[in-house]
Amino acid sequence: MSVPRRPPALLAAPLLALALMLAGCSSDTAPVKSPVGAPGQGAAGPQSDAAPALRASPATSPAPRPAEIPGLGPETRAAIPAGARQAFVVTGEEADANQSSAVLYSREDAAQGWRPVAGPWPAHNGMEGWTDHHVAGDLRSPTGVYPLTDAGGRLPDPGALLPYDEHPRFAVDGEGFFGEPLEGSFDYVVAINYNRTAGVSPLDRTRPLGLGRGGGIWVHVDHGGPTQGCVSVPEKHMVELLRTLDPAKKPVIVMGDAESLGR
């Protein structure tokens with residue numbers, strides 16, 4: 001019986017495989033690397049020395065502008081001292097109106113700007129409204145920006161941060177323009193530094209601009225009607241104001257009708 005003979009190709013295959021195995025284990029022969037990005041090869045990791053992929057740079061947003069006090073125009077904003085960090089803003093309805101709204105603002109961080117911390121509160125101002133040139137007896141409140149440095153009242157200090165002068169001379173009686181009682185109006189006051197010397201009691205009558213330009217302009221307890229030139233807010237808000245206005249923050253009052261403040 002004859003044995004079938006294998007084809008030559010089948011006999012050569014084992015010999016070829018053996019030669020490849022010997023070549024791959026040789027210590028002086030470097031293995032062949034597949035090119036980067038070849039099919040079946042994973043992407044380079046963060047520690048790879050392969051060239052990193054290009055990444056899109058995030059868009060740079062401009063820094064936000066510090067918040068401004070609403071309703072104030074450039075002229076009024078410029079009048080607020082750079083060092084002031086508290087602003088009591090009293091905005092009249094109209095130039096000839098005697099009703100207003102009051103909001104206390106603070107700027108603890110100059111980069112963030114102003115933010116409201118109290119109010120809005122109802123308020124009254126002079127019987128005849130507002131004026132850019134206050135004179136004695138005109139029954140108008142002076143527009144502008146004025147420091148707030150001194151406080152006082154008939155009642156004991158409720159915890160004011162400003163220097164507080166308790167004195168019986170703050171007592172008042174009589175009636176207002178609409179017949180409302182004035183008693184208690186000066187139980188608490190904050191002097192507005194219009195035509196007065198800073199650092200003294202609100203009762204001080206020194207008038208640097210002269211007596212003809214008026215004086216004694218205060219923030220005081222509201223009596224339910226217009227004033228002769230002062231600004232008035234309800235008693236509970238006067239107490240809050242006294243406990244909040246801080247001389248270290250250089251507080252100011254910004255006061256006037258809406259149109260004037262918008263300049």
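The structure we're discussing is the one just above.
Quick caveat: nothing in here was measured; it's all calculated off a predicted structure.

Undergrad: So what about the pairing of strand S12 (residues 252-257)? Which residues, and what values?
TA: Most of S12 is tucked away: six of the six residues are buried. Direction of pairing for strand S1 (residues 86-92) relative to S12: parallel, over a ladder of six bridges. Residue Ala87 lies in a different strand from S12, and its bridge partner there is Val252. As judged from the four bridges shared by strand S6 (residues 144-147) and S12, these two strands associate in the antiparallel manner. Residue pairing across strands places Pro147 opposite Val252, the latter belonging to S12.

Undergrad: How would you sum up the nonpolar core? Please name residues and give values.
TA: Core analysis: the largest hydrophobic core is formed by 30 residues, its most contacted members being Phe88, Val190, Ile192 and Ile253. Those elements that place two or more of their residues in this core are S1, strand S2 (99-106), strand S3 (115-124), strand S10 (218-221), strand S11 (231-233), helix H3 (235-244) and S12. Considering every element that reaches this core, the biggest residue donor is H3, with four residues. If sequence neighbours within four positions are ignored, Val190 has contacts with Leu148, Asp150, Ala151, Leu162, Trp218, Val219, Met238, Leu242 and Leu245.

Undergrad: Can you explain unusual backbone geometry? Please cite residues and give values.
TA: Peptide bonds are mostly trans, and most non-glycine residues show a negative phi. Between Gly119 and the following residue, Pro120, the backbone shows a cis peptide bond with an omega angle of 5°. Within the secondary structure, Pro120 sits in strand S3. For Leu139, which is not glycine, the phi torsion reads 60° and is therefore positive. With respect to the helices and strands, the residue Leu139 is situated in the loop between strand S4 (130-131) and strand S5 (141-142). Of the residues examined, Leu139 reaches a relative accessible area of 23% and is grouped as partly exposed.

Undergrad: Residue-level account of the side chain of Asn195, with values.
TA: Counting through the fold element by element, Asn195 comes out in the loop between strand S9 (189-191) and S10. Using a relative accessible area of 5% as the deciding quantity, one classes Asn195 as buried. At a separation of 2.6 Å, a polar atom in the side chain of Asn195 contacts the main-chain amide nitrogen of Leu209. Among the polar contacts made by the side chain of Asn195, one reaches the main-chain carbonyl oxygen of Gly214 at a distance of 2.5 Å. Non-local contacts of Asn195, meaning those with residues more than four positions away in its chain, are made with Thr206, Arg207, Pro208, Leu209, Gly210, Arg213 and Gly214.

Cut-offs used in this document
Residues numbered from 1 in each chain as written. Predicted model: local features only at pLDDT ≥ 70, side-chain atom pairs only at ≥ 80, totals over all residues. Heavy atoms only, no water. Buried < 20%, exposed > 50% of the residue type's maximum accessible area, 1.4 Å probe, protein only. Helix = DSSP H or I, 4+ residues; strand = E, 2+ residues; numbered from the N terminus. Pairing = 2+ DSSP bridges. Core = buried A, V, L, I, M, F, W, Y, C linked by side-chain atoms within 4.5 Å. Contact = heavy atoms within 4.5 Å. Polar contact = N/O pair within 3.5 Å; in protein donor to acceptor, adjacent residues only side chain to side chain.

The values reported here are purely geometric and, on their own, carry no functional implication.
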